[in-house]
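# Summary of structural features
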Amino acid sequence: MLLNGLKVLDFSALLPGPFATMMLADLGAEVVHITKPATGEGRWIVDDYLQRSKKSLAVNLKDPTVINHLRELVAHYDIVVEQFRPGVMERLGLGYEALKEVNPNIIYCSISGYGQTGPYKDKGGHDINYVSLAGIHGYSGSQQQGPPNLGIQIADLAGGSLHAVVAILAAVIYRTRTGEGQHLDISMTDCALALNALAAPEFLVQGKPLEREQMMLNGGSFYGHFETQDGRYMSVGSIEPKFRQALCMAINRQDLLPLVMSYKPADELAFKQQLAEIFKAKTYAQWVEIFAKTDACVEPVLSFEETVTHPLFLARNMFVDITQEDGTIQKQLACPIKSNVFQPVYTAACAVIGEHNEDILGLPIK
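Residues numbered from 1 in each chain as written. Predicted model: local features only at pLDDT ≥ 70, side-chain atom pairs only at ≥ 80, totals over all residues. Heavy atoms only, no water.

Our next topic: the overall build of the protein. Summing up its helical and strand segments, the protein has 16 helices and eleven strands in all. The buried share among the 366 residues of the protein stands at 43%. Across the protein, the fraction of contacts at a sequence separation of at least 24, relative to all contacts at a separation of at least 6, is 66%. Carbon together with sulfur atoms contributes 56% to the accessible area of the protein, which is approximately 19300 Å² in total. (Helix = DSSP H or I, 4+ residues; strand = E, 2+ residues; numbered from the N terminus. Buried < 20%, exposed > 50% of the residue type's maximum accessible area, 1.4 Å probe, protein only. Contact = heavy atoms within 4.5 Å. Areas by Shrake-Rupley, 256 points an atom, 1.4 Å probe, with all protein chains shown as cover.)

Listed below in structure tokens is the structure:
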């Protein structure tokens, strides 16, 4: 596999760090997840997914003996990932400068809400806070209802996890060329800000305010979701001319072509109003059948239950069956990276907490 031979010590918890290290494990890296001993409260169900193919150490990070063992272990590893607030790892004796003394070539990735520097570095936060400060929610949602509540974690995953993986792999290449390790500072808020790729230039270059329902992709055009007769929704993304034409053909309203092809804001909104009425005239199933035959960038809004059985994702092998410790099978999301060179290998289900204490550290679970 692609990352065979890379060894990762993962001190992270919750979502951003574990998702990043799961990606590294899916691509072949050896990942050891370091956590506190089990408390008897049960584990987060998402851990069955996020901790797959990783080894598990359960230790007390306030124990000096444990810290000494972990510092010795670092000499044999390539990458450290941590997700504590800035300063916590330093107080534990596991900060970058301390571990650099043990392993000068270590790649040390710190994922945090607001970064290792700056006035917010010691503040707590969650995805909704990071996305709000990054300006995304300032122009998303509707004028009537305000910012949206999203079902996924934009800053945590697209911000923290994916940027961390990119940074880590870039650092591995740099170390291969120079022999030097480095400290990576991944701020989920910084990374969320960078996701304003389409909207930011309108303000930064043109000085145009970014307002809700005033741009092509945020409600200022017919690009959006339309309710059907039976309360379901269809997504319409027919931006380019050929798709606009195909949309009008599919809804049998060629008379609307002059309106939709003008690209004037007022006409876009007028066409949007027409579409709202048209989509409510047929059921979800009827529209699905109509647009299945038309390449117009119109697709149904699926429930997740429908997504799991959709032919697209089944053909793309986007779900995988993982054997658990008790022998049962658990369905999980698969690694989405496809290659003609390698296939992701899910070497094991989520390890029992502390399963590898003896093998790796020679220490029992305390």
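Next comes the rest of the account.
Once that is clear, we can look at the pairing of strand E2 (residues 30-35). Summarising the sheet, strand E1 (residues 7-10) and E2 pair through four bridges and their orientation is parallel. Residue Val8 lies in a different strand from E2, and its bridge partner there is Val31. Running through helix H1 (residues 16-26), the crossover from E1 to the neighbouring parallel element E2 is right-handed. Relative to strand E3 (residues 55-58), E2 runs parallel, the two sharing four bridges. Directly across from Ile34, in E3, lies its bridge partner Leu57. (Pairing = 2+ DSSP bridges. Right-handed = clockwise from strand over helix to strand, strands pointing away.)

This part takes up the side chain of Glu268. With respect to the helices and strands, the residue Glu268 is situated in helix H12 (residues 265-279). Setting aside residues up to four positions removed in sequence, Glu268 forms contacts with Gly220, Ser221, Phe222, Arg244, Val260 and Tyr263.

The geometry of two aromatic rings is summed up by the distance between their centres and the angle between their planes. Using the criterion set out here, one finds eight aromatic pairs in the structure. For the ring pair Tyr96 and Tyr108, a centre distance of 5.8 Å and an interplane angle of 65° mean the geometry is edge-to-face. Of the two residues, Tyr96 sits in helix H5 (residues 96-102) while Tyr108 sits in strand E5 (residues 107-112), which places them twelve residues apart along the sequence. Like Tyr96, the residue Tyr108 is buried in the burial classification. Taking the centre distance of 5.8 Å and the plane angle of 35° together, the rings of Trp287 and Phe291 count as tilted. Remark: Phe291 and Trp287 occur in helix H13 (residues 284-292); sequence separation between them is four residues, near one turn of the helix. Judged by its relative accessible area of 5%, Phe291 is buried. An aromatic cluster is defined as three or more aromatic residues linked by ring pairs; in this entry it consists of Phe226, Phe279, Trp287 and Phe291. Geometry around Tyr120 places Lys123 over its ring, the cationic atom sitting 4.5 Å from the centre. Residue placement shows Arg232 over the ring face of Tyr284; its charged tip is 3.8 Å from the ring centre. (Phe/Tyr/Trp six-rings, centres within 6.5 Å; stacked < 30°, edge-to-face > 60°. Lys NZ or Arg CZ within 6 Å of the ring centre and 35° of its normal.)

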